[in-house]
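Letter by letter, the chains look like this.
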Amino acid sequence: MDNVRNFCIIAHIDHGKSTLADRLIQTCGGVSDREFRDQILDSMDLERERGITIKSNTITLPFTSKKDGRTYRLNLIDTPGHVDFSHEVRRSLMSCEGALLLVDASQGVEAQTVANLYLALEFDLELLPVINKIDLPSADVDRAREEIDSDLGLDPFEAVEVSAKTGLGVEDLLEALVEKLPPPEGDPGAQLQALIFDAQYDVYRGVVMLVRVKDGTLKKGQDIFLMHTKKTYQVEEVGLLKLEREASECLEAGNVGYVIAGVKSVRDITIGDTVTDAKNRSAEALPGYRPARPVVFASLYPIASDEYEDLTAALEKLSLNDAALTYEKDSSAALGFGFRCGFLGLLHLEVVQQRLEREFGLALLLSAPTVSYRVKLKTGEELVVDNPVFFPDPSEIEATYEPYIKAQIWIPERYVGTIMELCRDRRADDIQLRYLTQSRVEVNSILPLGEVLFDFYDKLKSYTQGYGSFDYEMFEYRETRIVKVDILVNGEPVDALSQLTHEDRARQRALHYCERLEETIPRQQFKIAIQGAIGGKIIARTTINAYRKDVTAKCYGGDITRKRKLLEKQREGKKKMKVVGSVEIPQEAFVAVLKSEAGK
Amino acid sequence: MRPGLYVHVPFCSAICPYCDFAVRVGDAADGAGFVDSLLVELNGLATGDALSDLPAVATAVSRLVAGEFGRFDTIYLGGGTPSVLAERDLRRLLEALRERLPVDDDVKFFFEANPEDVTAQSLRLWNDLGVSMLSLGIQSFDSDQLRFLGRRHHADEARRAVQMALEAGFDTVSIDLIYGLPGQTEDAWRRELETAAHLDPQHLSCYELEIHPRTVFGKRSARGELRELSEDDQADLFLLTHRHLAEHGFEGYEVSNFARSPEHRSAHNAKYWHHVPYLGLGPSAHSYAPTGEGGVRWWNERHTRRWARSLGEGRAAVDDHEALSFGDLAFEALMLGLRTVDGVDCRRLERDFGVDILTGHAKQIEIWRVQGLVTRTDHRIRPTVAGMALADRLVTDLQLEHEITTEIDRA
């Protein structure tokens, strides 16, 4: 056990965590050159594309120290780098004794680095500061050291200088790692206690649980009991997580590895659960079980209604390895059958949507995302509403509450004015500025989550020419004035377009929807009124005139075929339209309205 | 009605920026070689030596050539600009058509000409050849508009050409005009119509400008340099055209065609609209003939060089064909019928194609009637002018699949 090190890397976004992980893997020879791809741990295309880690991965690396000649088993436990997935970060941290705290030599200690430090300290981890990107011309190692001392309170002389990109200093880092980070404790002979910190899904083997054995030994053939779900399974296989799974006879205390035990779906287990021996059960579970709660909700519909079955199958498959995704059947008069889904955040939503579209080839429509509101009725009853369909009539409502987030925004100083304006526009409370350096500012603000759902991140990026970054955590519910805005087409509500929004925003949003519909619904036999309404009150209106001219001037002599084909195509297009109150609405209209705001 | 004959002459002295027909730059010199190829094509069809590999097409051509559908009683020379052809070429072409094909003695001859080709001499020639309807590509009586349209004649020339043609004594002289140019006002277009009406031709074709992607206008439009009129402006001009010409005694018998009296309507174009058999010669020309299962339409190679090469190699110059089911024919009949003042004969539709729209679409037709888009007398549905302006829309409002499949199932 003395030769084992369980560690993770924590860093501010863009400080080079994935690159360092790659370099460690390559240096330890855990991966042959042929197998090596950049950012090997971020296995999903989407993660690689966006440069973020969504689903954490774990790998065991052999390392022989040149100093003491011993061979170590290093368990690198990867952590996701985005706030939507902070529950996964916590679980990963619980499996480690130490962490590499990465600081960008050119940017120094960032706010998130501090936040990560506290998180790591919460789990009592030993920390080894690492100064990365020393190869950059703008690197200022001395300043980084100073900040490690002053801002983090860590020993600046322990900090190892590396360039994860070039590989410079990585050997030294590994030596420091085995020297400074403690080996795990635990008794292989004691009662079994192992923490499930992650799970993967294997098409052939079912659920592969990733565990950290705290005490005792996990053996093949053993009957195990999961303490939260209260289910018993028999261990089919245990082993280490090299680049591929490597089966072994047992996993002893202090080790990190995998367990396959005939579990069919990740829904059958809960991450953070404790594995114990079925016959010799541990009295207490390990701390750290905290279910992931969705905070953003939206409905997904297939654009082609005959893809509903495919969507059902795709969601089932996706949820096999995404336990945080919730979904239930939903139906809309305008869009047909779909699913009401719950997500950990906007990024999670986008990841799910894109995976469904890319990996399963589905064309999807997403209703306006909403947060979970609390509604107090005049009767004293309290409701939680995350779907406009269930929002009560205004006359019954005593008060409404909406979730607020604590947002941290990092921007170059010159954009302060613009970004403060953006925050104020999004109903920010309490905007505070902190100058990290003369040119870099951290904006702290309390914002309604619902205001961040729509294009906030896009706006931030475009206003700051890509230099701004943003993170948030859930804060608290505050009293607000939420209303339900319905969109009516010739007096008929289009359920898929109903949305919950702040009263001050209602008119603007309703008008925006009406205008998009006006642009995208073709003229029809009758004049069409498009209205936005709260309850019975009309707050926005546009009109589409009846069509007047739709005929080609020429029939091209005898080439009647060409004309017929053109019209047949138009007629096919009409069949795909949804009819609401005798008005034909093309799918493109929904796409235009919903895509103009959703997701991003 | 008896079959019609169409000959496509692809040459123009320059290509108009809005035109998306099969055209190429060429003159009388090119015309000689071209007519040689036409005669090869004609000979191949008439002798059966160079029929299409497509059996349905070969059969249809043989039947047309053998006069099984009757003798051809219209010949239409269109383009392009048929008036670029030299006298000698025109004469030998017409002679060959009469000689090799079953052409009726009373055949009506339709001829397209550009105003710059109208001279006392050419008029004498066309008269001598027996042209009964002469269509003049005037397009506009306004010099600025003519320049914008890339035409090679002036306003004065246009007026003089019409006057001369009218004096030459053809049965029907027709003026082609284009309207709906970017920025064109109702007043400006009304003045053009006034000018045309006062010249007093027997026939007018007024085409609303359409911008096609692969034309010069199409490219300019894609770059945002040229803006089509809004739907409302287009509709206003369309209605103005029909109303104004009606006041001057021209009946709008089709979306874009107006005649002094029924005998001046284009008897040749009517064949396209009523599934009367027609045979097309020359590049891009289309042909149609009925079959036991419905009909067959086929078309020649669009590019003149490719068309001529096929013929030179002793093959038919057919590019492709389409077998039309009765359902297709019914759809076309509706599509075309709703473009004409005579409308759709629903009883005929049921008799010929097995589609009963009066029962299946009674409600939709009633809505149109209430909206003033059609009138209904017994078994005939006729579009009003407002209905004609929406002809494409009306036909797509009807979902015919059901009736057609039922009919096929029954058969």
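Before reading on, note that the structure itself is shown above.
These figures come from a predicted structure and were not determined experimentally. (Residues numbered from 1 in each chain as written. Chains lettered and ligands numbered in written order. Predicted model: local features only at pLDDT ≥ 70, side-chain atom pairs only at ≥ 80, totals over all residues. Heavy atoms only, no water.)

Regarding its fold elements, chain A presents 14 helices and 34 strands. Every one of the 600 residues in chain A was classed for burial, and the buried ones make up 57%. A fraction of 69% describes how many contacts in chain A between residues 6 or more apart in sequence connect residues 24 or more apart. Accessible surface for chain A amounts to roughly 25,200 Å². Of this, 46% is attributable to carbon and sulfur atoms. (Helix = DSSP H or I, 4+ residues; strand = E, 2+ residues; numbered from the N terminus. Buried < 20%, exposed > 50% of the residue type's maximum accessible area, 1.4 Å probe, protein only. Contact = heavy atoms within 4.5 Å. Areas by Shrake-Rupley, 256 points an atom, 1.4 Å probe, with all protein chains shown as cover.)

Looking now at the interface of chain A and chain B. A common way to state how big an interface is: give the accessible area lost once the parts meet. Taken together, the contact pairs 29 residues of chain A with 45 residues of chain B. Broken down residue by residue, the surface that chain A buries against chain B is led by A:Arg548, A:Lys549 and A:Arg571, which jointly contribute 20%. Across the chain A-chain B interface, the total number found is 11 salt bridges. Between A:Arg548 and B:Asp232 there is a salt bridge; the shortest N-O distance is 3.3 Å. (Buried area = accessible area lost by both parts, 1.4 Å probe. Salt bridge = Lys/Arg side-chain N within 4 Å of Asp/Glu carboxyl O.)

On to the nonpolar core. One finds B:Leu97, B:Trp126, B:Leu134 and B:Trp298 to be the most contacted residues of the largest nonpolar core, which totals 119 residues. In terms of residues, this core owes the most to one element, helix 12 (residues 326-337) of chain B, which gives 7 residues. Excluding residues within four positions of it along the chain, B:Trp126 makes contact with B:Ser83, B:Leu90, B:Phe111, B:Ala113, B:Asp117, B:Val118, B:Val131, B:Leu134 and B:Phe170. Counting residues in hydrophobic clusters, the runner-up holds 82 residues, among them A:Leu300, A:Val375, A:Tyr415 and A:Leu453. (Core = buried A, V, L, I, M, F, W, Y, C linked by side-chain atoms within 4.5 Å.)

What follows covers the side chain of A:Asp559. Locating A:Asp559 in the fold gives a position in the loop between strand 32 (537-544) and helix 13 (560-575). Buried and unpaired, A:Asp559 has no salt bridge, with A:Arg562 as the nearest side chain of opposite charge at 4.1 Å. Reaching out from A:Asp559, the side chain makes a polar contact with the backbone nitrogen of A:Arg562 at a distance of 3.1 Å. Side chain to side chain, A:Asp559 and B:His286 meet in a polar contact 3.1 Å long. (Lys, Arg positive; Asp, Glu negative; His and termini not counted. Polar contact = N/O pair within 3.5 Å; in protein donor to acceptor, adjacent residues only side chain to side chain.)

With that out of the way, let us pick up the packing of helix 1 (residues 28-47) of chain B against helix 11 (residues 304-312) of chain B. Residue and element names in this part refer to chain B. One can describe the packing of helix 1 onto helix 11 by two numbers: an axis separation of 9 Å at closest approach and a directional angle of 50°. Compared by their axis directions, helix 1 and helix 11 come out oblique. Where helix 1 crosses over helix 11, the handedness of that crossing is left-handed. Residues Phe34, Ser37, Leu38, Val40 and Glu41 of helix 1 form the contact with helix 11, whose own contacting residues are Thr304, Trp307, Ala308 and Leu311. Partitioned by chemical class, the residues of the contact of helix 1 with helix 11 number 6 nonpolar, 2 polar and 1 charged. (Axes fitted to C-alpha atoms, helices over the stretch in contact; angles between N-to-C directions. Parallel < 35°, antiparallel > 145°, perpendicular 65-115°, else oblique. Left-handed = near helix turned anticlockwise from the far one by under 90°. Nonpolar A, V, L, I, M, F, W, Y, C, P; charged D, E, K, R; others polar.)

Our focus in this paragraph is a negative patch on the surface. A surface patch of negative charge is lined by A:Asp140, A:Asp142, A:Glu146, A:Asp149 and A:Asp155. Tracing the backbone through its elements, the reader meets A:Asp142 in helix 5 (residues 141-150). (Patch = residues over 30% accessible without salt bridge, like charges linked within 9 Å, V, L, I, M, F, W, Y side chains within 5 Å. Charge placed at Lys NZ, Arg CZ, Asp CG, Glu CD.)

All names here are of chain B. Evaluation of the coordinates by the stated rule reveals 58 salt bridges over all chains. In this structure, lysine 271 engages aspartate 73 in a salt bridge whose closest nitrogen and oxygen atoms are separated by 2.4 Å. Highlighted residues: lysine 271 in helix 10 (residues 267-273) and aspartate 73 in strand 4 (residues 72-79), separated in sequence by 198 residues. Here lysine 271 and aspartate 73 have matching classes, each one buried. Between aspartate 345 and arginine 380 there is a salt bridge, with its nearest N and O atoms 3.5 Å apart.

All names here are of chain B. Tracing the sequence through the fold places asparagine 257 in strand 10 (residues 257-259). Judged by its relative accessible area of 4%, asparagine 257 is buried. Separated by 81 residues in sequence, asparagine 257 and aspartate 176 have C-alpha atoms that sit 9.2 Å apart. The contacts of asparagine 257, once residues within four sequence positions are left out, are His203, Leu204, Ser205, Tyr207, Glu251, Gly252 and Trp273. A distance of 2.6 Å separates a polar atom in the side chain of asparagine 257 from a polar atom in the side chain of serine 205. At 3.0 Å, the side chain of asparagine 257 forms a polar contact with the side chain of glutamate 254.

All names here are of chain B. An ideal rise of 1.5 Å per residue puts 20 Å on 14 residues; helix 3 (residues 87-100) measures up with 20 Å between its terminal C-alpha atoms. Taken as a whole, helix 3 has its buried residues at Asp89, Leu90, Arg92, Leu93, Leu94, Ala96 and Leu97. Contacts from the buried residues of helix 3 go to strand 1 (4-9), helix 1, strand 4, strand 5 (103-113), helix 4 (120-129) and strand 11 (278-281). (Expected span 1.5 Å × (residues − 1).)

This brings us to the pairing of strand 1 (residues 4-11) of chain A. All names here are of chain A. Strand 1 sits mainly inside the fold: 8 of its 8 residues count as buried. Alternating positions in strand 1 separate into two faces, Val4, Asn6, Cys8 and Ile10 on one and Arg5, Phe7, Ile9 and Ala11 on the other, with burial throughout. Sheet topology places strand 1 next to strand 3 (residues 71-77); 4 bridges connect them, and they run parallel. Along strand 3, the bridge assignment pairs arginine 5 with leucine 74. (Pairing = 2+ DSSP bridges.)

Applying the stated criterion to the full structure yields 16 aromatic pairs over all chains. Ring geometry for B:Phe11 versus B:Phe34: centroids 5.3 Å apart, planes at 85°, classification edge-to-face. Of this pair, B:Phe11 sits in strand 2 (residues 11-12) while B:Phe34 sits in helix 1, and the two are 23 residues apart along the sequence. Among the aromatic residues, ring-to-ring pairing joins A:Tyr308, A:Tyr327, A:Phe337 and A:Phe339 into one connected group. In this structure, A:Arg245 is placed above the aromatic ring of A:Tyr258, and the distance from its NZ or CZ to the ring centre is 5.7 Å. (Phe/Tyr/Trp six-rings, centres within 6.5 Å; stacked < 30°, edge-to-face > 60°. Lys NZ or Arg CZ within 6 Å of the ring centre and 35° of its normal.)

Once that is clear, we can look at the environment of A:Ser106. Residues and elements named next belong to chain A. Within the secondary structure, serine 106 is located in the loop between strand 4 (98-104) and helix 4 (111-122). Relative accessible area serves as the criterion here: at 21%, serine 106 is assigned to the partly exposed category. Linking serine 106 and alanine 139, residues 33 residues apart in sequence, is a C-alpha distance of 4.1 Å. Those residues in contact with serine 106 that lie beyond four places of it in its chain are Leu136, Ser138, Ala139, Asp140 and Arg143. Reaching out from serine 106, the side chain makes a polar contact with the side chain of aspartate 104 at a distance of 2.7 Å.

We now examine the sheet that holds strand 4 of chain A. Residue and element names in this part refer to chain A. Strands sit in the order 2-3-1-4-5-6 across an open sheet of 6 strands; the sheet is mixed. Both edges of this open sheet fall to strand 2 (58-64) and strand 6 (160-161), since each of them pairs with a single strand only. Relative to strand 3, strand 2 is paired through 7 bridges, and the arrangement is antiparallel. In the sheet register, isoleucine 59 faces strand 3, and the bridge partner there is leucine 76. Running over the sheet, helix 1 (residues 17-27) touches strand 1, strand 2, strand 3 and strand 4 and is turned about 150° from strand 1.

So, on to the sheet that holds strand 17 (residues 380-383) of chain B. Residue and element names in this part refer to chain B. Spatial strand order, 15-17-16: 3 strands in an open sheet with antiparallel pairing. With partners counted over all chains shown, the strands left at the sheet margins are strand 15 (344-345) and strand 16 (374-377), one partner each. Relative to strand 17, strand 16 is paired through 4 bridges, and the arrangement is antiparallel. Within strand 17, the position partnered with arginine 376 by the bridge is isoleucine 381. Running over the sheet, helix 15 (residues 362-370) touches strand 16 and strand 17 and is turned about 115° from strand 16.

Next up on the list: the environment of B:Phe34. All names here are of chain B. Relative accessible area serves as the criterion here: at 3%, phenylalanine 34 is assigned to the buried category. Each C-alpha atom, one on phenylalanine 34 and one on threonine 304, is 8.6 Å from the other, the two residues being 270 residues apart in sequence. With residues near it in sequence (within four places) discarded, phenylalanine 34 still touches His8, Val9, Pro10, Phe11, Pro283, Thr304 and Trp307.

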